[in-house]
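Chain by chain, the residues:
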Amino acid sequence: MEWKRQKLVELLELEGIVKTPQVKRALLSVPREEFVPVEYRDEAYEDHPLPIPEGQTISAPHMCAIMCEAAAIEKGDSVLEVGTGSGYHAALCAEIVSPTGEKIEGIVLTLEIIKCLASFALENLRRSGYYDRVNIVVADGSAGAPIRQGFRFKKIIVTAAAPATPSPLIEQLDEEGVMVIPVGSRWHQLLLSIKKKGGEVRTKPVTYCVFVALRGRYGYE
Ligand code: SAH
């Protein structure tokens, strides 16, 4: 498995998708096989999405890398993820924000709307050693994180497709913060990078993508 993981990361680096040492280290450290259902373990290091319970999917490794790079997640950051799913992407964020073997730093808060997926992710994080560095909350993340008023996240990643960028998430993004979010139709979206600077919100396209639908108040249903 470790050999396969290394091969995949080498390829992603060669393709120019993995750009920074922290994203490379995270992909090399987090065992993706622990986040996929047992019947898909053999495919854990193939670069495509895989099914997880409740008709949802774990994103392809290249998409996780693109999002971490686009959000420029760094050590010590406070990160909000909307859409925990398997917990894999949250573990990657935790490895960047608070590297294994070092003092726990930063925050990774991940929100999942489907309760049994939150349990699935919790179990995966426990097995892979990221339990202490990721906080999972069952909530409708489209409406923002249930946190004290005024708290802002340095980085926000949304891992489900939204019809438009939910305003509560823009509100919870730090000045100088970055959010990455797939926006578009249910079947095809553009991954956007949204930056706040001096009270202004600037949006840049990153790449085309296909994510499962965001639910909840600012989702499709
Ligand atoms: N990041 C995940 C993949 C996410 S798939 C991973 O690494 O495996 C998208 C997830 O978003 C699904 O689990 C889905 O249930 C969840 N989701 C959809 N709408 C949501 C909402 N409004 N709030 C929180 N989670 C949501």
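As the structure is a computational prediction, the values presented were derived from the model and not from experiment. (Residues numbered from 1 in each chain as written. Predicted model: local features only at pLDDT ≥ 70, side-chain atom pairs only at ≥ 80, totals over all residues. Heavy atoms only, no water.)

Draft legend 1. Seen up close, the packing of helix α2 (residues 21-29) against helix α4 (residues 88-97). Viewed as axis vectors pointing N to C, α2 and α4 meet at an angle of 130°, and their least axial separation amounts to 9 Å. Taken together, the axis directions place α2 and α4 in an arrangement best described as oblique. Classified by chirality, the crossing of α4 by α2 is right-handed. Two secondary-structure elements touch here, α2 through Q22, V23, R25, A26, L27 and S29 and α4 through Y88, L92, E95 and I96. Across the contact of α2 with α4, the residue classes break down as 6 nonpolar, 2 polar and 2 charged. (Axes fitted to C-alpha atoms, helices over the stretch in contact; angles between N-to-C directions. Helix = DSSP H or I, 4+ residues; strand = E, 2+ residues; numbered from the N terminus. Parallel < 35°, antiparallel > 145°, perpendicular 65-115°, else oblique. Left-handed = near helix turned anticlockwise from the far one by under 90°. Contact = heavy atoms within 4.5 Å. Nonpolar A, V, L, I, M, F, W, Y, C, P; charged D, E, K, R; others polar.)

Draft legend 2. Quick peek at the packing of helix α3 (residues 61-71) against α4. It is at 11 Å that the axes of α3 and α4 come closest, and there the two elements cross at 40°. Considering the angle they form, α3 stands oblique to α4. When you trace α3 past α4, the crossing you get is right-handed. In this structure, α3 contributes C64, M67 and C68 to the contact, and α4 contributes Y88, H89, L92 and I96.

Draft legend 3. Main features of a positive patch on the surface. Together, K195, K197, R202 and K204 give the surface a local cluster of positive charge. Contributions of two or more residues to the positive patch are made by β8 (189-197) and β9 (200-209). Relative to the assigned elements, R202 resides in strand β9. (Patch = residues over 30% accessible without salt bridge, like charges linked within 9 Å, V, L, I, M, F, W, Y side chains within 5 Å. Areas by Shrake-Rupley, 256 points an atom, 1.4 Å probe, with all protein chains shown as cover. Salt bridge = Lys/Arg side-chain N within 4 Å of Asp/Glu carboxyl O. Lys, Arg positive; Asp, Glu negative; His and termini not counted. Charge placed at Lys NZ, Arg CZ, Asp CG, Glu CD.)

Draft legend 4. Fine view of α2. Restricting attention to buried positions, one finds in α2 the residues V23, A26 and L27. Axial view of α2: buried residues confined to an arc of 95°, hence all on one face. Turning to α2, the residues buried within the fold contact α1 (2-14), α3 and α4. (Buried < 20%, exposed > 50% of the residue type's maximum accessible area, 1.4 Å probe, protein only. Arc of directions from axis to C-beta.)

Draft legend 5. Representation of unusual backbone geometry in the model. The phi angle at E54 is positive, at roughly 65°, despite the residue not being glycine. Here E54 shows up in the loop between β1 (50-52) and β2 (56-58). Despite not being glycine, E176 has its phi angle at roughly 75°, a positive value. The residue E176 is located in strand β7 (residues 173-184) in this model.

Draft legend 6. Molecular detail of the site of the ligand. Taken together, 26 residues are adjacent to the ligand, and S86, E112, D140, G141 and R215 come closest. E81 places a side-chain nitrogen or oxygen 3.0 Å from a nitrogen atom of the ligand. Note that an oxygen atom of the ligand is positioned 3.1 Å from one of the backbone N or O atoms of H89. If the ligand stood free it would expose 580 Å²; the protein chains cover 99% of that surface. Looking at the shell around the ligand, the elements with two or more residues in it are β2, β3 (78-82), α4 and β4 (107-112). Broken down by element, the residue count for the shell around the ligand peaks at 3 residues, all from β2. (Near = heavy atom within 4 Å. Polar contact = N/O pair within 3.5 Å; in protein donor to acceptor, adjacent residues only side chain to side chain.)

Keep in mind these numbers describe shape, not what the thing actually does.
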